[in-house]
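Structural overview for review
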Amino acid sequence: MDISPFVFRSDTLKLLDQRKLPNKVTWIRCRDAKKVYWSIQHMVVRGAPAIGVAGGYGLYLGVRSYQGDRKAFLRRLEEQAKYLKSARPTGVNLRNVIDEIVARVKAVRHGTVKDLKARLLHEAKRFHKEDIELCRSIGRHGSRLFRSGDHVLTHCNAGGLATTGYGTALGVLYACKERGKKLTVYADETRPLLQGARLTAWELVRMGLKCRLLCDNAAASLMQAGTIDGIVVGADRIASNGDTANKIGTYNLALLAKAHGIPFYIAAPSTTFDFSIRSGKQIPIENRHATEVTMGMGRQIAPKGVGVINPAFDVTPHSLISAFITEKGVLRRPFQKSFSTLRKK
């Protein structure tokens, strides 16, 4: 049931161009760090886990052609790492993956530059493989939270396209299907780039799950009518106290879920947790270009010259979150205590 947005072969990273879905399946070839950076910034590849893996491969592509001594190679490695980490600031997976790869390469004390490059590529591939395993584990744990017949709401895209093939929030739903649980999935369209409409609905239809697409502002009426049994979304960064950054509109859903007594779950791997910050107030929020709001399907949909606010993410306070679904299991309150297993990892 995997949908992989990645292919790495012969020193080339091929990325499924998610801007063109659902109407066209095209791939972009990246042979250097600059192209990977551009692909991350322009959302050819998106989703915190997927961006992290793409960044790992980008780091390798940024130094693979380097010829010189070890000391200069490590300087270039640091430069490329800093460059790639700046592509998108909110999701922490990109930083976590790149920092760990750099640390592991530096740990090769007596290797040649060729040895260091080989170690770098090995680590990038390890993160790729590990993400698939983490997501499947998240799916197994999360599937226990839902029963056959449940109606589940999700927001944005946290499926195979946002990871390396299986998904976090959608991975939970795929795991339910694999276990014979019949769900109805409601997908928010997710303005302004319509990841829910273009990507999540595309995935769910391909995977054979019963899916209903809704406008973002219809979610409250469904909850009021008693239609929704649970909500599961992904995450781009989770602070030490459980405050969670995710696609803009997630906070709205969490507030609505609280008001209607509906469980609200975050599905994310340990690589999405940032224990260096205490709360969501320290999470940087990316603001994107006004044209994402004023243009729609290639056409002007707002008057020229209008002011635009376009934050890509919002922060949901931990008090609104029922539980976190991770590869280590379902973590419940008090979160700082239940997070201890992830802190050790």
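Notes on the structure follow.

Remarks on empty space enclosed by the protein
- Tallied over the full model, the rule gives four cavities of 30 Å³ or more.
- Quantified by volume, the largest cavity comes out at close to 180 Å³.
- Around the largest cavity sit 20 residues that line it, and R46, G47, A48, N157 and D236 are the ones nearest its centre.
- Elements supplying a minimum of two residues to the lining of the largest cavity: α2 (48-63) and β9 (244-247).
- Looking at side-chain class alone, the lining of the largest cavity contains eight nonpolar, eight polar and four charged residues.

A look at the packing of aromatic side chains
- Taken as a whole and assessed by the stated rule, the structure comprises 13 aromatic pairs.
- Arranged with centres 6.0 Å apart and planes meeting at 70°, the rings of Y166 and Y174 form a pair that is edge-to-face. Grouping residues by exposure puts Y166 and Y174 together as buried.
- Among the aromatic side chains, those forming a connected cluster through ring pairs are F273, F275, F324, F335 and F339.
- The positively charged end of K35 is found above the aromatic ring belonging to W38, 4.7 Å away from the centroid.
- Stacked on the ring of F313, the Lys or Arg K247 has its end atom at 4.8 Å from the ring centre.

Thresholds, definitions, all that
Residues numbered from 1 in each chain as written. Predicted model: local features only at pLDDT ≥ 70, side-chain atom pairs only at ≥ 80, totals over all residues. Heavy atoms only, no water. 1 Å grid on protein atoms, 1.4 Å probe; cavity = no way out; pocket = protein on both sides within 12 Å on 5 of 7 lines; lining within 4 Å. Points joined across faces, edges and corners; volume = space filled by probe spheres on them. Helix = DSSP H or I, 4+ residues; strand = E, 2+ residues; numbered from the N terminus. Nonpolar A, V, L, I, M, F, W, Y, C, P; charged D, E, K, R; others polar. Phe/Tyr/Trp six-rings, centres within 6.5 Å; stacked < 30°, edge-to-face > 60°. Buried < 20%, exposed > 50% of the residue type's maximum accessible area, 1.4 Å probe, protein only. Lys NZ or Arg CZ within 6 Å of the ring centre and 35° of its normal.

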